[in-house]
Amino acid sequence: MQKWVVCHPSATQILKKEYREILNKAKEEYEYIPASDYYKDGYNLYLRKAVSFRSFERIGHLCECMSMLVMMHQEERANLFAQVSQVFG
(Lines give C-alpha, C1' and ligand atoms only; values in the text may rest on other atoms or scores of the structure.)
Protein backbone atom coordinates (compact mmCIF):
# COMPACT_ATOMS: atom_id res chain seq x y z
CA MET A 1 0.00 0.00 0.00
CA GLN A 2 1.37 3.41 -1.01
CA LYS A 3 1.58 6.14 1.59
CA TRP A 4 1.44 9.68 0.23
CA VAL A 5 2.77 12.73 1.98
CA VAL A 6 0.48 15.72 1.91
CA CYS A 7 2.34 19.02 1.83
CA HIS A 8 1.21 21.98 3.84
CA PRO A 9 -0.39 24.58 1.51
CA SER A 10 2.31 27.16 2.29
CA ALA A 11 5.04 24.66 1.38
CA THR A 12 3.25 23.97 -1.89
CA GLN A 13 3.11 27.69 -2.65
CA ILE A 14 6.84 28.04 -1.95
CA LEU A 15 7.63 25.14 -4.28
CA LYS A 16 5.42 26.59 -7.02
CA LYS A 17 7.17 29.96 -6.67
CA GLU A 18 10.61 28.34 -6.88
CA TYR A 19 9.52 26.32 -9.92
CA ARG A 20 8.29 29.48 -11.68
CA GLU A 21 11.64 31.15 -10.92
CA ILE A 22 13.48 28.21 -12.47
CA LEU A 23 11.29 28.39 -15.57
CA ASN A 24 11.85 32.13 -15.87
CA LYS A 25 15.62 31.66 -15.62
CA ALA A 26 15.47 28.93 -18.27
CA LYS A 27 13.38 31.19 -20.48
CA GLU A 28 16.00 33.95 -20.21
CA GLU A 29 18.80 31.58 -21.12
CA TYR A 30 17.15 29.27 -23.64
CA GLU A 31 14.06 30.94 -25.06
CA TYR A 32 15.47 31.15 -28.55
CA ILE A 33 17.93 28.58 -29.84
CA PRO A 34 18.77 29.31 -33.48
CA ALA A 35 18.40 26.63 -36.13
CA SER A 36 21.18 24.06 -36.40
CA ASP A 37 21.72 20.64 -37.94
CA TYR A 38 20.07 19.09 -34.88
CA TYR A 39 17.29 21.64 -34.41
CA LYS A 40 16.24 22.46 -37.98
CA ASP A 41 13.74 25.15 -36.99
CA GLY A 42 15.40 26.21 -33.77
CA TYR A 43 13.99 24.99 -30.49
CA ASN A 44 12.80 26.54 -27.28
CA LEU A 45 14.59 24.20 -24.91
CA TYR A 46 13.01 25.55 -21.76
CA LEU A 47 9.59 24.36 -22.96
CA ARG A 48 10.71 20.76 -23.24
CA LYS A 49 9.16 18.35 -20.73
CA ALA A 50 11.14 15.30 -19.76
CA VAL A 51 8.54 13.14 -18.05
CA SER A 52 4.78 12.94 -17.78
CA PHE A 53 2.77 10.56 -15.68
CA ARG A 54 -0.69 9.12 -16.01
CA SER A 55 -1.03 8.08 -12.37
CA PHE A 56 0.45 8.61 -8.93
CA GLU A 57 1.51 4.96 -8.97
CA ARG A 58 3.92 5.69 -11.84
CA ILE A 59 5.41 8.61 -9.93
CA GLY A 60 6.03 6.18 -7.07
CA HIS A 61 7.88 3.85 -9.44
CA LEU A 62 10.09 6.72 -10.60
CA CYS A 63 10.86 7.66 -6.99
CA GLU A 64 11.77 4.06 -6.17
CA CYS A 65 14.12 3.89 -9.17
CA MET A 66 15.72 7.22 -8.33
CA SER A 67 16.21 6.12 -4.72
CA MET A 68 17.90 2.95 -5.91
CA LEU A 69 20.26 4.96 -8.13
CA VAL A 70 21.13 7.31 -5.28
CA MET A 71 21.85 4.37 -2.96
CA MET A 72 24.06 2.69 -5.58
CA HIS A 73 25.94 5.95 -6.07
CA GLN A 74 26.39 6.46 -2.32
CA GLU A 75 27.74 2.93 -1.94
CA GLU A 76 30.38 3.91 -4.54
CA ARG A 77 29.99 0.77 -6.53
CA ALA A 78 32.68 0.32 -9.14
CA ASN A 79 30.46 0.77 -12.18
CA LEU A 80 27.04 2.34 -11.72
CA PHE A 81 26.11 1.72 -15.36
CA ALA A 82 26.88 -1.99 -15.03
CA GLN A 83 24.78 -2.22 -11.85
CA VAL A 84 21.82 -0.46 -13.46
CA SER A 85 22.11 -2.63 -16.56
CA GLN A 86 22.08 -5.72 -14.38
CA VAL A 87 18.93 -4.58 -12.55
CA PHE A 88 16.99 -3.36 -15.60
CA GLY A 89 18.70 -5.42 -18.32
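None of the values given here were measured: they were computed from a predicted structure.

## Some remarks on the overall build of the protein
Scanning the protein for helices and strands turns up 3 helices and 0 strands. The linear arrangement of helices and strands in the protein, starting from the amino end, is α-α-α. Counting contacts in the protein only where the partners sit at least 6 residues apart, residues at least 24 apart contribute 11% of the total. Element-wise, carbon and sulfur atoms account for 59% of the exposed surface of the protein, whose accessible area totals about 8,500 Å².

## Focus: the pattern of salt bridges
Counted according to the given criterion, the structure contains 1 salt bridge. For K17, the salt bridge is made with E21, and the minimal N-O distance between the two is 3.0 Å. Highlighted residues: K17 and E21, both in helix α1 (residues 9-30), separated by 4 residues, approximately one helical turn. Residue classification places K17 among the partly exposed positions, given a relative accessible area of 49%.

## Structural notes on the packing of helix α2 (residues 56-74) against helix α3 (residues 80-88)
Where α2 contacts α3, the two axes come as close as 10 Å, and the packing angle between them is 140 degrees. As for the relative orientation of α2 and α3, their crossing is right-handed in sense. Facing α2, whose interface residues are C65, M68, L69, M72 and H73, α3 presents L80, Q83, V84, V87 and F88. The class makeup of the residues in the contact of α2 with α3 is 8 nonpolar, 2 polar and no charged.

## Comments concerning a nonpolar patch on the surface
Residues F53, L62 and M66 make up a contiguous nonpolar surface patch of roughly 260 Å² in combined accessible area. In this fold, L62 is placed in helix α2. Take L62: its relative accessible area is 34%, and that puts it in the partly exposed class.

## Quick notes on the state of the cysteines
Within the structure shown, the criterion is met by 0 disulfides. Lacking any disulfide linkage, C63 is separated from the closest cysteine sulfur, that of C65, by 9.4 Å.

Conventions used here
- Residues numbered from 1 in each chain as written.
- Predicted model: local features only at pLDDT ≥ 70, side-chain atom pairs only at ≥ 80, totals over all residues.
- Heavy atoms only, no water.
- Helix = DSSP H or I, 4+ residues; strand = E, 2+ residues; numbered from the N terminus.
- Contact = heavy atoms within 4.5 Å.
- Areas by Shrake-Rupley, 256 points an atom, 1.4 Å probe, with all protein chains shown as cover.
- Salt bridge = Lys/Arg side-chain N within 4 Å of Asp/Glu carboxyl O.
- Buried < 20%, exposed > 50% of the residue type's maximum accessible area, 1.4 Å probe, protein only.
- Axes fitted to C-alpha atoms, helices over the stretch in contact; angles between N-to-C directions.
- Left-handed = near helix turned anticlockwise from the far one by under 90°.
- Nonpolar A, V, L, I, M, F, W, Y, C, P; charged D, E, K, R; others polar.
- Patch = residues over 30% accessible without salt bridge, like charges linked within 9 Å, V, L, I, M, F, W, Y side chains within 5 Å.
- Disulfide = S-S within 2.5 Å.

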